[in-house]
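Per-entry structural report
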Amino acid sequence: MHAPKISAIPSTNKNRAGVTKLNMAGLSASFGKFTHAVVRAIPASLVQGALRMSSGAEVDLTHARREHDQYVATLRHTLGLQVIELPADESLPDCVFVEDVVLVCGDTALITRPGAASRRKETEAMKEALKDLELNIEEMDDDSATLDGGDVLFTGREFFVGLSKRTNQRGAEILADTFKDYTVSTVPVLGGLHLKSFCSMAGPDLIVVSSSEPAQKALKIMQQMSDHGYESLTVPDDAAANCIYMNLPDKGHVLLHCAPEEYPESAKVFEQLKDYMLIPISNSEKTKVDGALTCCSVLINRKLKN
Ligand code: GLY
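Okay, so let's go over this structure. (Residues numbered from 1 in each chain as written. Predicted model: local features only at pLDDT ≥ 70, side-chain atom pairs only at ≥ 80, totals over all residues. Heavy atoms only, no water.)

Secondary structure summary: the chain contains eight helices and 16 strands in total. A compact globule built from 306 residues would reach a C-alpha radius of gyration of about 19 Å, and the chain, at 18 Å, matches this within 12%. Dimensions of the chain, computed from C-alpha atoms along their principal axes, come out at roughly 50 × 45 × 40 Å. Every one of the 306 residues in the chain was classed for burial, and the buried ones make up 54%. Taking as baseline every contact in the chain between residues at least 6 positions apart, the subset at least 24 positions apart corresponds to 73%. With an accessible surface of roughly 13,200 Å², the chain has 49% of that area assigned to carbon and sulfur atoms. When the 32 basic and 41 acidic side-chain charges of the chain are each reduced to a single mean position, those positions are 3 Å apart. (Helix = DSSP H or I, 4+ residues; strand = E, 2+ residues; numbered from the N terminus. Rg over C-alpha atoms; globule rule 2.2 N^0.38 Å. Buried < 20%, exposed > 50% of the residue type's maximum accessible area, 1.4 Å probe, protein only. Contact = heavy atoms within 4.5 Å. Areas by Shrake-Rupley, 256 points an atom, 1.4 Å probe, with all protein chains shown as cover. Lys, Arg positive; Asp, Glu negative; His and termini not counted. Charge placed at Lys NZ, Arg CZ, Asp CG, Glu CD.)

Below, the structure written as structure tokens:
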């Protein structure tokens with residue numbers, strides 16, 4: 001078996017022998033550039049059937065769908081992406097969280113093997129939808145591997161993969177083997193569902209991260225693992241640290257981030273980002289079942305041939 005380039009927590013800052021060509025060259029030129037988004041509608045079964053870390057207030061389905069419609073409209077109308085909208089499947093209560101079932105980078109899509117067995121069939125509709133985008137579709141078909149897209153932070157230079165309740169070492173190895181141009185490093189997720197439950201990219205070389213202890217520990221490890229000095233932007237709320245960054249023609253830096261009504265202190269932090277198109281997005285209902293902003297779309301950069 002080919003040994004993938006993968007690093008775990010280093011004992012020193014000089015962690016990688018296998019630094020790749022792209023890592024040396026710097027930030028991927030296409031970082032943040034997207035043309036398409038795949039989303040999926042919310043099934044009514046989400047209310048009672050979606051997985052959740054803790055019990056609490058019930059999801060208001062009508063409100064959840066309204067928020068999701070607004071999210072999709074932002075991608076389609078405000079940002080001009082071509083949106084591929086998959087129908088809900090009532091037998092798959094978590095199916096709106098499309099990010100977990102595929103990783104797309106460059107011309108390649110890796111269909112994952114989600115950590116929760118109840119979510120594995122979500123991959124089927126995604127695989128079908130991606131066929132029209134002329135991607136090389138790979139599948140994680142090793143029964144010992146698990147990986148949720150929510151555990152994968154792509155910085156444009158490298159991948160960080162959270163080892164969590166949903167993602168294991170074998171899943172990270174298959175990701176490294178699939179995207180060979182990039183270095184892949186693993187990071188333990190010490191709280192929350194996924195790595196991106198408390199951090200995400202807010203721009204080129206800018207990681208937004210919550211001030212919580214698990215988040216700060218993960219950030220420290222990522223900084224130790226990397227040869228690159230990322231800057232960080234700290235917000236007080238875990239859920240607010242999950243944002244969507246894009247760099248779009250005619251719009252420049254775009255950030256979809258938490259609504260001030262939900263996380264006022266975190267929202268103030270984003271307001272400091274000058275030269276950004278800042279778009280607050282309400283996500284109060286999907287948050288109840290651990291669904292953050294990135295979870296609800298797969299963003300893809302494709303210039304399709306006619
Ligand atoms: N409810 C999202 C998940 O647990 O995967």
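Another point: the site of the ligand. Close to the ligand lie Leu 51, Asp 94, Phe 97, Arg 119, Arg 166, Leu 193 and Val 289, which account for all nearby residues. Here a nitrogen atom of the ligand sits 2.8 Å away from a polar atom, N or O, in the main chain of Leu 51. Contact with the protein chains removes 98% of the 190 Å² of surface that the ligand exposes when unbound. Partitioned by chemical class, the residues of the shell around the ligand number four nonpolar, no polar and three charged. (Near = heavy atom within 4 Å. Polar contact = N/O pair within 3.5 Å; in protein donor to acceptor, adjacent residues only side chain to side chain. Nonpolar A, V, L, I, M, F, W, Y, C, P; charged D, E, K, R; others polar.)

The subject of this paragraph is the pattern of salt bridges. One pass over the full model with this rule turns up 16 salt bridges. Put simply, Lys 217 and Glu 213 hold a salt bridge, and the shortest N to O gap is 3.1 Å. Of this pair, Lys 217 and Glu 213 are both found in helix H6 (residues 213-225), four residues apart, which corresponds to roughly one turn of the helix. The network of salt bridges with shared partners includes Asp 100, Arg 119 and Glu 122. (Salt bridge = Lys/Arg side-chain N within 4 Å of Asp/Glu carboxyl O.)

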